[in-house]
Structure formats: C-alpha cells, structure tokens
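Architecture and fold: a report
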Amino acid sequence: MSNAHIIGLGRSGIAAARLLKREGYSVTISDRDSSPTLQQQQHSLAAEGIKVELSHSFVPTTSCQLIIVSPGVPWDAPALIRARELGIETIGEFELAWRHLQSQPWVGITGTNGKTTTTALIAAIFQTAGFYAPACGNIGYAACELLLGKKLPDWVIAEISSYQIESSPSIAPKIGVWTTFTPDHLSRHKTLENYYNIKADLLKKSEFQVFNGDDPYLRQKGLESWAKGYWTSVKGKDELLGDPVRGTYIEDGWAIALGEQILPVTSLKMVGSHNQQNLLMAVAAARLAGIEKDAIAIAIANFPGVPHRLEQIRTWAGIDFINDSKATNYDAAEVGLAAVVAPAILIAGGEAKEGDDLGWIKTIQAKAAAVLLIGNAAEAFAKRLEQVNYNNWEIVETMERAVSRAAELAKNYSAKVVLLSPACASFDQYQNFEQRGDDFRQLCLDLP
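Attention here is on the structure that accompanies the text. (Residues numbered from 1 in each chain as written. Predicted model: local features only at pLDDT ≥ 70, side-chain atom pairs only at ≥ 80, totals over all residues. Heavy atoms only, no water.)

1. A word on the side chain of Asp 215
Topologically, Asp 215 is positioned in the loop between strand E10 (208-212) and helix H9 (216-225). Buried charge Asp 215 goes without a salt bridge, the closest partner of opposite sign being Arg 219 at 9.7 Å. Each residue touching Asp 215, except ones within four places of it in the same chain, is listed here: Thr 179, Thr 180 and Phe 181. (Helix = DSSP H or I, 4+ residues; strand = E, 2+ residues; numbered from the N terminus. Buried < 20%, exposed > 50% of the residue type's maximum accessible area, 1.4 Å probe, protein only. Lys, Arg positive; Asp, Glu negative; His and termini not counted. Salt bridge = Lys/Arg side-chain N within 4 Å of Asp/Glu carboxyl O. Contact = heavy atoms within 4.5 Å.)

2. A short note on the layout of surface pockets
The calculated volume of the second largest pocket comes to roughly 470 Å³. Forming the boundary of the second largest pocket are 24 residues, of which Thr 180, His 274, Gln 277, Asp 331 and Val 335 lie nearest the centre. (1 Å grid on protein atoms, 1.4 Å probe; cavity = no way out; pocket = protein on both sides within 12 Å on 5 of 7 lines; lining within 4 Å. Points joined across faces, edges and corners; volume = space filled by probe spheres on them.)

3. A closer look at the pairing of strand E17 (residues 344-349)
Extensive coverage of E17 is indicated by the burial of six of its six residues. Alternating residues of E17 divide into Ala 344, Leu 346 and Ala 348 and Ile 345, Ile 347 and Gly 349, and every residue in both groups is buried. By the bridge criterion, six bridges tie E17 to strand E18 (residues 368-374) in an arrangement that is parallel. Across the sheet, Ala 348 pairs through a bridge with Leu 373, a residue of E18. Judged from the four bridges that link them, E17 and strand E20 (residues 417-420) form a sheet pairing that is parallel. Bridge assignment links Ile 345 to a residue of E20, and that residue is Val 418. (Pairing = 2+ DSSP bridges.)

4. Regarding the environment of Val 27
Note that Val 27 resides in strand E2 (residues 26-31). By relative accessible area, Val 27 is classed as buried at 3%. Measuring from C-alpha to C-alpha, the distance between Val 27 and Gly 49 comes to 8.1 Å, with 22 residues separating the pair along the chain. Residues contacting Val 27, with those up to four places away along its chain left out, are Ala 4, Ile 6, Ala 17, Leu 20, Lys 21, Ile 50 and Lys 51.

5. Quick word on the environment of Gln 220
Along the chain, Gln 220 turns up in helix H9. Residue classification places Gln 220 among the exposed residues on the basis of a relative accessible area of 62%. Placed 159 residues apart in sequence, Gln 220 and Thr 61 show a C-alpha to C-alpha distance of 46 Å.

6. Considering the sheet that holds strand E9 (residues 175-178)
The mixed open sheet is built from nine strands, whose spatial order is E7-E8-E6-E9-E10-E11-E12-E13-E14. Looking along the sheet, the strands with just one partner apiece sit at the ends: strand E7 (135-136) and strand E14 (260-264). Its contacts with the sheet put helix H10 (residues 273-288) on E9, E10, strand E11 (230-233), strand E12 (248-251), strand E13 (254-257) and E14, and the angle it makes with E10 is roughly 165°. (Axes fitted to C-alpha atoms, helices over the stretch in contact; angles between N-to-C directions.)

Spelled out as structure tokens, the structure:
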C-alpha cells in the first residue's frame, strides 16, 4: 500500500485525505496546531481510518510516496525542498483534484483582487444555465470535495490563488480569467516578477484567456504578451484592447460581449466600478462557454453579492454597517472605501502586509470621517496616518470596541456608513477573514 502525507488539517487537506483513502492510500495528515477544533477533527478522521498528527512539523522520509500541500504551506519550505530532493512527489490539493477531474471543463479565475466575486458571478451564471457547476477553491468547496459526491460537475468553477498555481503544475483550464494584478504576498513570492509569472502560467495553459483591461499592470503587458486574449473594459469600446468583436465592454449602460448586447449593468446590485469589471469578466467567460444571454441576465439580476466583500449587514439608526473583511491588502481596502458613501467611519487593522499604501491613505483622507484601528497593525497605521496629517484616528484594539465606538462616532459625524475594510490579514486575532467578518456581523446585529 502506498503512503500519502498531507500537510495542513484544513478543508482542502481533509478532502484530499478522503479522496486518497478511497484510492487505496494509507493516509496521514499533520498540522502544527492542536486547537480543540482540530482535536475533534482528529477523532472523527481516525474513525475513517485517517491518521492525524497534531503539534507536528513534517519531516520527509522515503517511506512516503506522495505529499499533498495545503495552500497556506510555502512551496519553498525546507521540508518540501527536502522531499523533492528525495524524489517524493509533492503537489497541491488542486493538482490532485485536477488529475481526477481534467476530463471536465474548468474555468480558472486568478488575480490579486476580485477573484471571489468574479468566481461567484460565473458560478451563478453557469448554474442558472442549468449546469452543475460548483465554485471551489477559496469559496464553496475544496477542489477535492467535488470528487467525493455522487456526481461529477459539468463545469468546475475554480478560484485559484498564486499559492495553488505554484503547487499545481498541470492545471490547464478551458477558460482562464485574470482579474487584477497588484503587489501582494511578496513575503512569500519575493519579487513582483515572480508573482506575475506564477499567475501568467495558469493563463498560458488556458484555451481561452479573459483579462481585465482596466487593470493598469495587465493593460501595460497588453497585446504584446497576450495576443489571443479576450479583453474587457468598463470604459467602453474605444478603451478596449484588441478587436472589439472579441471584447466585452460597457456602452450606453449595457454590457456588450463578443459583439452582442447582453444586459443592463444596473442589473448587478453590487456597488463600485470594480464590480462592473468583475461582471464583464464573468459575462465574457459565460459567452465563451456558449451560455445564452437570457440565462446570464437572470443570474445577474438575482445575484445576492458575496459574504465579506462589501456585504451590507444592517441599517441601524440610519447608518449602514458594511462588512468588507475580505479586503486583506491595501488595494482591496482602497476599492472598498472608494465604493461606499462618504463620510464613513472606517475600521482597519490586523496583521499588516507589504505593499504600497498611498492610494488607500488618499482614499481615507477623502472619505473617512474617522478611523478605528484594531489588531497588531494599529500603532503602525496610526503613525502612518499622522505622517499625512490625518489625526482623526483611535486605537480600539478589538472588534467589539470598534463596533460600539463606530456607532457613536457615526452619529457624531452624521456618517452614513460604518465600514470594516481592514487592509490586513486576520491571523493576529482570527483564524481567517471569514471568522473576522462573522464577528463583525454578529456585533452589528447585537447593537441595541
């Protein structure tokens, strides 16, 4: 019997373990943590014949034939480098899923920001058209979970991060979509060029390539790098890269795709020009898949939005409380703040990332009546705001204090919006951005 070792007891790791167990492998999962939740999972997986080692740092040995890496594990971690030196096959969970699902057509969505909304829009359109087309990756299912049900998908709609591309060398989607490109994850990928090349690898292997032509970096690369790309632009036909007949753009308030009028852009209830960009990419992908425009129009009109991305939680005393917990970098937070009505009370902070904060800071100066700072980044953010003579900030440390103080300040400043848009990762105070957003949601709903 072959031995497989899975690093990381998350959703993707568990799905990979169950798939490999079904394939006849002897499976072990390891995780460096040992929280009560993981201990419960350890117990239930043991009943399935899957061994779980907690508080464990993996050391490769030749008794192992296959290693599956969860997305959060750096591809250049010493243990993985050593495993490859020993000739042990080392792949990501997405690669494992692809090997079993490559007979099905995939839509692979990547990019720095906009992936989740675009993925959700595409999945909604395909499902409205009658396909079994589940979203997987950072939303919906882990990729390997799609193999554990009774029925295989008609289409796989996959949000694929740079981490997942890096560990999945053979994924080749039918349709590849690239939403945006700005500096992110540089502590892991080291250089912007390396980060770009990882994402470009997915698009190069895609039969059809859809690009956001309003993204400055992708636009700069343009037709020279991506001659066969299908480009989109919210700015109209004249701003479109390439042949307008292959493009998707807005004209007189309508989304035009591949030469055909599809739907009014006001059908999408989500605010912001960035969401119109996401809409155009989703429409382009749907038309390339042969989906009729009526199904696209119905799907978009009924689309409820994405949890944790400019998600309206409630209106309290005339103030809209909006959850943008998924804004884990400066660019996403800038887009989130730019999309809401000013003046706003902004809640920001967490575990800071490298990146250029200038656009975000300028948007704060223009739109935020006050900024409430939480988490590890609070003091550094306070100093940064003082440098630009923005002094209306407070360090409140916790989400609980942030929500109650934001409610007070919103009344004082006649602010229409309280926005959680952290510009940071969540790992200093939460397991993930979803847990952070859920905490914010509950605190907002509990306001007296």
